[in-house]
Amino acid sequence: MFLFKLFIDWLLVKIYMGKGSGYGKVILFGEHFVVHGVAGIVSAIDSSTEAIVTKGKNGLVVKDDRKTAKGYSKEKRLQQIESIERMLRAMRLDPKTALDIWIGGSLPGFSGLGASAASSVAIARGIDEEFCLNLSDEKINQIAYEAEIAYAGNPSGIDNTAATYGGLMWFKKNPEGGQDLVEHLNIRTPIEIVICSTGKVANTKAMVEGVAERKKTNPDKYNPLFSQAADLAIAGRRALERGDLEEMGKLMNENHKILQEIGVSSVELDYLVNIARKQGAIGAKLTGGGGGGCMVALTPGKELQEKITKTFQAEGLDVLATKIGVITH
Ligand code: MEV
């Protein structure tokens, strides 16, 4: 009976709808700098966005059932419509194709966690299945990159790559627009982290544009910071690969400092970073686009992770206690 029900569910999905999934992510080193060709380190997390896509009748209808920061869906609504039209175009479908799309899953809609990229990958996979396109992961990743342009203006591609493939990665954008460098990193054991949301929705596009503008007008200040970011990512990779977590935490703290200097941290993010460090996190930094969004703290061991999680929860904040290196490619 159970197997029969499973078969019927599978058949219904095959006939009437397309399903897809995309991972959330946390950037450990290099956000913003990656946009300009500096290498970064990203890890998929064990939370994902799921999408169900069916051919519709009344234009584009999106039902967003994700848990989100207050105002997230409204703030992202226009970018979401543009992103889906961009995806359809990249799939050589009519950008005005009528679709009913449901989005949900365990990844909350908090800025900084790659929620837009995860939803784009999930929706692209859903459309792929619904229209029997048989697209490869590589193609899905390219399509999600197109969608990311709606959310980030000039994305590096780090978020959609993590959302598509999962894993822990070294990522370097090819500034000439060719193949990006993506290397999967192996660590001995997954490492506990705590992600805490400021509750503030951020506009990634505005944050990315702001950095590019300030870099252009103030190269004397910005160029050395970009070199420092490149060195930090290399040192971070070495520390991660040899399991030197103390060193990695120290480098994450330094990374936060240069993110402050390029103007993408905020009072709320600095507050969360300071709490995490005071409670014993061995490193803490903003993660993602900044200007709100989320903070990540390196908290190896269950005990430390729980302590820091509880501290944030006691302040009424939204927390994700998870691990890096837990989703393998
Ligand atoms: C956003 O998660 C990361 C940014 O570096 C933008 C990007 O790389 O596309 C801010």
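Residues numbered from 1 in each chain as written. Predicted model: local features only at pLDDT ≥ 70, side-chain atom pairs only at ≥ 80, totals over all residues. Heavy atoms only, no water.

Participant: It is not clear to me how unusual backbone geometry should be interpreted in this structure. Could you clarify?
Facilitator: Phi is mostly negative for residues that are not glycine, and the peptide bonds are mostly trans. Look at histidine 32: it is not a glycine, yet its phi comes out positive at around 70°. Relative to the helices and strands, histidine 32 is located in the loop between strand E1 (18-29) and strand E2 (40-55). Residue classification places histidine 32 among the buried residues on the basis of a relative accessible area of 5%. Notably, arginine 92 is not glycine yet its phi reads approximately 60°, a positive angle. Among the secondary structure elements, arginine 92 is positioned in the loop between helix H2 (72-90) and strand E4 (99-105). (Helix = DSSP H or I, 4+ residues; strand = E, 2+ residues; numbered from the N terminus. Buried < 20%, exposed > 50% of the residue type's maximum accessible area, 1.4 Å probe, protein only.)

Participant: Looking at this structure, how should I read the pattern of salt bridges?
Facilitator: Two side chains bearing opposite charge may form a pair once their charged atoms approach each other closely. This model, assessed by the stated rule, comprises 14 salt bridges. The salt bridge involving glutamate 247 is made with lysine 250; its shortest N-O contact spans 3.5 Å. With glutamate 247 and lysine 250 both in helix H8 (residues 245-261), this residue pair falls three residues apart, about one helical turn. Since its relative accessible area comes to 45%, lysine 250 is described here as partly exposed. Taken together, the shared-partner salt bridges connect Glu82, Arg86 and Glu146 into one network. (Salt bridge = Lys/Arg side-chain N within 4 Å of Asp/Glu carboxyl O.)

Participant: Explanation requested: the site of the ligand in the structure shown.
Facilitator: Close to the ligand lie 13 residues; Lys25, His32, Pro155, Ser156 and Asp159 are nearest. Taking histidine 32, its main chain carries an N or O atom lying 2.8 Å from an oxygen atom of the ligand. Interatomic distance of 2.5 Å between a side-chain N/O atom of serine 156 and an oxygen atom of the ligand. Where the shell around the ligand is concerned, the elements lending two or more residues are E1 and helix H5 (158-165). (Near = heavy atom within 4 Å. Polar contact = N/O pair within 3.5 Å; in protein donor to acceptor, adjacent residues only side chain to side chain.)

Participant: It is not clear to me how the packing of helix H3 (residues 115-130) against helix H4 (residues 137-152) should be interpreted in this structure. Could you clarify?
Facilitator: Angle between the axes and distance between the axes: these two values describe a pair of packed helices. Running from N to C, H3 and H4 point in directions that differ by 130°, and their axes come no closer than 9 Å. One way to sum up the angle between H3 and H4 is to call them oblique. Note that H3 runs across H4; the crossing there is right-handed. Contacts between H3 and H4 involve Ser116, Ala117, Ser119, Ser120, Val121, Ala124, Arg125 and Asp128 from the former and Asp137, Ile140, Ile143, Ala144, Ala147, Glu148 and Tyr151 from the latter. Here the contact of H3 with H4 is built from residues that sort into eight nonpolar, three polar and four charged. (Axes fitted to C-alpha atoms, helices over the stretch in contact; angles between N-to-C directions. Parallel < 35°, antiparallel > 145°, perpendicular 65-115°, else oblique. Left-handed = near helix turned anticlockwise from the far one by under 90°. Contact = heavy atoms within 4.5 Å. Nonpolar A, V, L, I, M, F, W, Y, C, P; charged D, E, K, R; others polar.)

Participant: Sorry if this is basic, but what is going on with the pairing of strand E9 (residues 294-298) here?
Facilitator: In the case of a regular strand, side chains alternate between the two sheet surfaces. Among the five residues of E9, five are classified as buried, and the element is accordingly described as predominantly covered. Burial along E9 is two-sided: Cys294, Val296 and Leu298 facing one way and Met295 and Ala297 facing the other are all buried. Where strand E7 (residues 191-197) lies against E9, five bridges are found, and the strand directions are antiparallel. Its bridge partner being in E9, serine 197 is matched across the sheet by cysteine 294. Counted between consecutive antiparallel strands, the loop separating strand E8 (residues 283-287) from E9 contains six residues, among which glycine 288 sits at a positive phi close to 95°. (Pairing = 2+ DSSP bridges.)

Participant: Could you clarify how one ought to interpret helix H9 (residues 267-278) in this entry?
Facilitator: In an α-helix there are 3.6 residues to a turn, and that puts residues three or four apart on one side. Taking 1.5 Å of rise per residue, twelve residues should cover 16 Å, and H9 covers 16 Å from first to last C-alpha, within 8% of that figure. Restricting attention to buried positions, one finds in H9 the residues Leu269, Leu272, Val273, Ile275 and Ala276. Seen end-on, H9 carries its buried residues on one side only, within an arc spanning 160°. Away from the buried face of H9 by more than 90 degrees, exposed residues Val267 and Lys278 are located. Along its buried surface, H9 packs onto E7, H8, E8, E9 and helix H10 (302-314). Just beyond H9, the residue with positive phi is glycine 280, at close to 110°. (Expected span 1.5 Å × (residues − 1). Arc of directions from axis to C-beta.)

Participant: For this particular structure, what's the right way to read the packing of aromatic side chains?
Facilitator: Aromatic rings considered in pairs are described by the distance between their centres and by the relative angle of their planes. Tallying each qualifying case throughout the model produces one aromatic pair. Where phenylalanine 33 meets phenylalanine 226, the ring centres are 4.7 Å apart and the plane angle is 75°; that geometry is what we call edge-to-face. Of the two residues, phenylalanine 33 sits in the loop between E1 and E2 while phenylalanine 226 sits in helix H7 (residues 219-241), which places them 193 residues apart along the sequence. Both residues of the pair, phenylalanine 33 and phenylalanine 226, count as buried. Sitting over the face of the ring of tryptophan 170, arginine 237 holds its NZ or CZ atom 5.0 Å from the ring centroid. (Phe/Tyr/Trp six-rings, centres within 6.5 Å; stacked < 30°, edge-to-face > 60°. Lys NZ or Arg CZ within 6 Å of the ring centre and 35° of its normal.)

None of this, on its own, says anything about what the molecule does.
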